[in-house]
Amino acid sequence: MAKKNIVIIGAGPGGLTAGMILAARGHKVSIYEKESKVGGRNAAIEMNGYKFDIGPTFLMMTFVLREMFAEAGRKLEDYCKLIPLEPMYSLSFKNFELCPTTDKAKMNEQISKLFPGNENGLAKFHEKEKLRYDAMYPCLKKDYSTFKEMFSKPLIKALPKLSLGRSLMDVLGDYFTEEELRICFTFQAKYIGMSPWECPAAFAIMPYIEHSMGIDHVEGGLSKISEAMAKVIGELGGEIHLNSPVKKVCVEKGNATGVELTDGQIVKADSVVINADFGHAMKTLFDKNVIKKWSPEKLRDKKYSCSTFMIYLGVDKIYDEPHHKIVFANDYKENVKDIINRSRLSDDMSVYVRNASKLDPTIAPPGHSALYMLVPTPNMRNELPWDEASKKTFRDKVIKRVMERTSMKDLDKHITCEKIITPVEWQNERSLFLGATFNLGHTITQMLYLRPRNKFEEVGHCYLVGGGTHPGSGLPTIYESARISADLIERFEK
Ligand SMILES: Cc1cc2nc3c(=O)[nH]c(=O)nc-3n(C[C@H](O)[C@H](O)[C@H](O)COP(=O)(O)OP(=O)(O)OC[C@H]3O[C@@H](n4cnc5c(N)ncnc54)[C@H](O)[C@@H]3O)c2cc1C
């Protein structure tokens, strides 16, 4: 194929992966990123010698990332040092703590101690969910840009494994009788900002993937992956323009012809790839009346993920706490209902705490740690007030919760610096539609052909990558979205 001039809007994981693959295939790649660094939600915040991942901290399916580097003729391990986590994380409930591990014997030991009678469930979970994963993964790797693709072999084969009409929580009931144990295998619904009681059963592949393949940390934080991708793009002759916000996609006769930057510069392109958050892009990146199906009015009617309240703390000591810990609300089901259905903040909240400095001393000054806290919250559909006073009140509640429910009893006395991101800041400063940190929801009606398509259905020569398109939010699927769109460019942009 003749080599093309391709402009990518945004240097998040989706844009960087697409840039790496397209540059390796010989295309002229120019990425325009509005921020001063690459990575988007997968960038780092650096403050007083501490380095915090803004968003992703769990790296699943590392083989997918390896494949993306291989697509670019590179070896991941030459750019990033991966550290497998065993146990993977700690799940802390009011009355017990479970530390899931890929070691099935050790996992079963914990189950039999805490939930006697449920021991046989783990083997059944592995056996059944492997079949689901084997059937579904090929569907996640392919594109659904035409309706015909809905009748393609992989999807037809996977249909019986989708357990349509059932929720993630329902399916885990096939393996485990105790609700708290089922929560330990379904809280992963939060990775896509959903409730385990509503999340489609097909997502049972998420706990299966963790329990069968494990998870990794990247030395220096997961933002190192974005930095590594940017390096590869440079090595392959691609360009990344930082501090370069795109004002709009230029469209002539229904086809993208390039982009206009906010400084007025017009950059011509054969194809435009959009990595900016989908909802935000539809609302801001096209002239009025260009977009019909995904117009700003129609966008609000769609379902979105929850948002998150983030606290990044520089601390002058290192705590002997797990790398990843999830502190569950005393009544988790009510907490999830508050977030997803009632749109209110729970006093009885769940908090995820990452204490990476114990394992990885590179992210903080010696003897210090860079702590990361994430509280799932409602998104901005109902516009909760996040003024300075409510931000401070909620911040204090989160810190109190963490001090009460972990061994970090003196945490408030050791904070040297901090940064907070609220849902309204995700929306206004980080350009996420409704502050939905995990994008458009993953309901059956917003997946595959029904999700915004990789070959964008409304404008020619325009492609989507990132969490808002198929296959969906989460690093491995975002990497796949970039490979799918790169392949579509090869196929359609002759
Ligand atoms: C708090 C949090 C925790 C997460 N944890 C995990 C996890 O543990 N594991 C996991 O797999 N996933 C996780 N995710 C989900 C997902 O992997 C990340 O959100 C990921 O960064 C999304 O990548 P993306 O490419 O879709 O978009 P983004 O990372 O948002 O990148 C989009 C880029 O486009 C840029 N942009 C937007 N508008 C313009 C414009 N007009 N001009 C130029 N540039 C523009 C943005 O600045 C940004 O750099 C998490 C997400 C969040 C928010």
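Now for a quick tour of the structure. (Residues numbered from 1 in each chain as written. Predicted model: local features only at pLDDT ≥ 70, side-chain atom pairs only at ≥ 80, totals over all residues. Heavy atoms only, no water.)

Counting 115 residues, the largest nonpolar core has Leu-91, Leu-172, Phe-185 and Ile-225 as its most contacted members. Per-element tally for this core: the top contributor is helix H4 (residues 119-141), with eight residues. Those residues within four positions of Phe-185 in sequence are excluded, and the remaining contacts are Met-107, Leu-122, Phe-125, Leu-172, Phe-176, Pro-207 and His-211. Counting 29 residues, the second largest nonpolar core, distinct from the first, contains Val-249, Leu-261, Leu-434 and Leu-440. (Core = buried A, V, L, I, M, F, W, Y, C linked by side-chain atoms within 4.5 Å. Buried < 20%, exposed > 50% of the residue type's maximum accessible area, 1.4 Å probe, protein only. Helix = DSSP H or I, 4+ residues; strand = E, 2+ residues; numbered from the N terminus. Contact = heavy atoms within 4.5 Å.)

Turning next to the site of the ligand. If you check the shell around the ligand, you find 35 residues, and the closest are Glu-33, Arg-41, Asn-275, Gly-467 and Leu-475. Measuring from an oxygen atom of the ligand, one finds a side-chain N or O atom of Glu-33 at 2.6 Å. Between the ligand and Asn-275 there is a distance of 2.8 Å, counted from an oxygen atom to a side-chain nitrogen or oxygen. Among the secondary structure elements, those contributing two or more residues to the shell around the ligand are helix H1 (13-24), strand S17 (369-377) and helix H15 (475-492). The biggest single contributor to the shell around the ligand is H15, with three residues. Split into classes, the residues belonging to the shell around the ligand amount to 17 nonpolar, 14 polar and four charged. Two domains each donate at least three residues to the shell around the ligand, and these are domain 1 (5-83 + 222-301 + 442-492) and domain 3 (306-378 + 387-421). (Near = heavy atom within 4 Å. Polar contact = N/O pair within 3.5 Å; in protein donor to acceptor, adjacent residues only side chain to side chain. Nonpolar A, V, L, I, M, F, W, Y, C, P; charged D, E, K, R; others polar. Domains from an automatic or database assignment.)

As for its placement among the helices and strands, Phe-394 is situated in helix H13 (residues 388-405). Spatially, the C-alpha atoms of Phe-394 and Gly-314 are 19 Å apart, while their sequence positions differ by 80 residues.

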